[in-house]
Amino acid sequence: MQSDGFFPSRKINRRGNRYWVDLNLWPFVGVLLVLLVIMMLYPGRGTHGLGTDLAVVSHPVSLWFAAREDAIRIAVTRDDNFYLGNSKVTITEIPQKIRESAKNGSEKRTYMEADGRAKYGSVERVLDKIRDVQIEKVSFVVYKKR
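Because the structure is a prediction, the values reported are computed rather than measured.

Caption draft 1: Spotlight on the overall build of the protein chain. Broken down by element type, the protein chain carries 3 helices and 7 strands. Once local pairs closer than 6 in sequence are excluded, the contacts in the protein chain between residues at least 24 apart make up 74%. Roughly 11600 Å² of accessible area belongs to the protein chain as shown, and the carbon and sulfur atoms make up 56% of that amount.

In structure tokens form, the structure reads like this:
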């Protein structure tokens, strides 16, 4: 056995090296929670990026099927532009596009995303075109008043 003597730093290490790896995941969990809260509180889910300021009501009803991929969503903006899904259409193309969507197996209901400042005449013209296709179920997508 070797004596420590004058140089204790030269002591023979009889133990093997032990590696201890620790990955702290709590900051990652914190970032995920913040993103979850932001996504839950973000109110612009229904408009699909069309830039419509939906009307605000006191007692809305949840429309779960409006978020389906094959749902017939018609948006009316304040500057009299019409969108079916995410594509811009004219007022005369709306019945034909709705018929095509109905043939492809979508629900026999349309979801109207009318801008809160859109003219009533524009919304009424779209409703008339929807009735021409024999669809009587029209739901309006709105925001809940806070």
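Caption draft 2: Highlighting the pattern of salt bridges. With the rule as written, the count across this model stands at 5 salt bridges. The salt bridge partner of Asp-80 is Lys-119, with a shortest N-O separation of 3.8 Å. One end of the pair, Asp-80, is in the loop between strand S2 (72-76) and strand S3 (82-84); the other, Lys-119, is in the loop between strand S5 (109-114) and helix H3 (120-132), with 39 residues separating them in the sequence. The exposure class assigned to Asp-80 is partly exposed, which follows from its relative accessible area of 27%. As a salt-bridge pair, Glu-107 and Arg-109 come within 3.7 Å of each other at their nearest N and O atoms. Judged by its relative accessible area of 23%, Arg-109 falls in the partly exposed class.

Caption draft 3: Focus on the sheet that holds strand S6 (residues 137-140). Here we have 5 strands laid out as an open sheet, ordered S4-S3-S2-S5-S6, and mixed in their pairing. Bordering the open sheet on either side are strand S4 (87-89) and S6, each of which pairs with just one other strand. Neighbour-to-neighbour, the strand axes of this sheet turn through a mean angle of 30°, independent of strand direction. Pairing between S2 and S5: 5 bridges, direction parallel. If you follow Ala-75 over to S5, its bridge partner there is Glu-113. Helix H2 (residues 94-103) rests against S2, S3, S4 and S5 of the sheet, and its axis sits at about 160° to S2. Running over the sheet, H3 touches S2, S3, S5 and S6 and is turned about 170° from S5.

Caption draft 4: Just H2, in detail. Considered for burial, the residues of H2 that qualify are Ile-94, Pro-95, Ile-98 and Ala-102. Projected down its long axis, H2 shows its buried positions confined to an angular sector of 95°, all on one face. Check the buried side of H2 and you find it contacts S2, S3, S4, S5 and H3. Gly-105 sits one or two positions beyond H2 and adopts a positive phi of about 100°.

Caption draft 5: Summary view of the environment of Thr-92. Tracing the backbone shows Thr-92 in the loop between S4 and H2. Spatially, the C-alpha atom of Thr-92 lies 8.0 Å from that of Lys-129, the residues being 37 residues apart in sequence. At 3.2 Å, the side chain of Thr-92 forms a polar contact with the side chain of Thr-90.

Caption draft 6: Layout of the pairing of S2. Within S2, 5 of the 5 residues are buried, which leaves it mostly tucked inside the rest of the structure. Burial of the side chains of S2 extends over both faces: Ile-72, Ile-74 and Val-76 are buried on one face and Arg-73 and Ala-75 on the other. Pairing analysis gives 3 bridges linking S2 to S3, with the strands arranged antiparallel. Across the sheet, residue Ile-74 finds its bridge partner in S3, namely Leu-84. Connecting the antiparallel pair S2 and S3 is a turn made up of 5 residues, with Asp-80 showing a positive phi of about 60°.

Definitions and cut-offs
Residues numbered from 1 in each chain as written. Predicted model: local features only at pLDDT ≥ 70, side-chain atom pairs only at ≥ 80, totals over all residues. Heavy atoms only, no water. Helix = DSSP H or I, 4+ residues; strand = E, 2+ residues; numbered from the N terminus. Contact = heavy atoms within 4.5 Å. Areas by Shrake-Rupley, 256 points an atom, 1.4 Å probe, with all protein chains shown as cover. Salt bridge = Lys/Arg side-chain N within 4 Å of Asp/Glu carboxyl O. Buried < 20%, exposed > 50% of the residue type's maximum accessible area, 1.4 Å probe, protein only. Pairing = 2+ DSSP bridges. Axes fitted to C-alpha atoms, helices over the stretch in contact; angles between N-to-C directions. Arc of directions from axis to C-beta. Polar contact = N/O pair within 3.5 Å; in protein donor to acceptor, adjacent residues only side chain to side chain.

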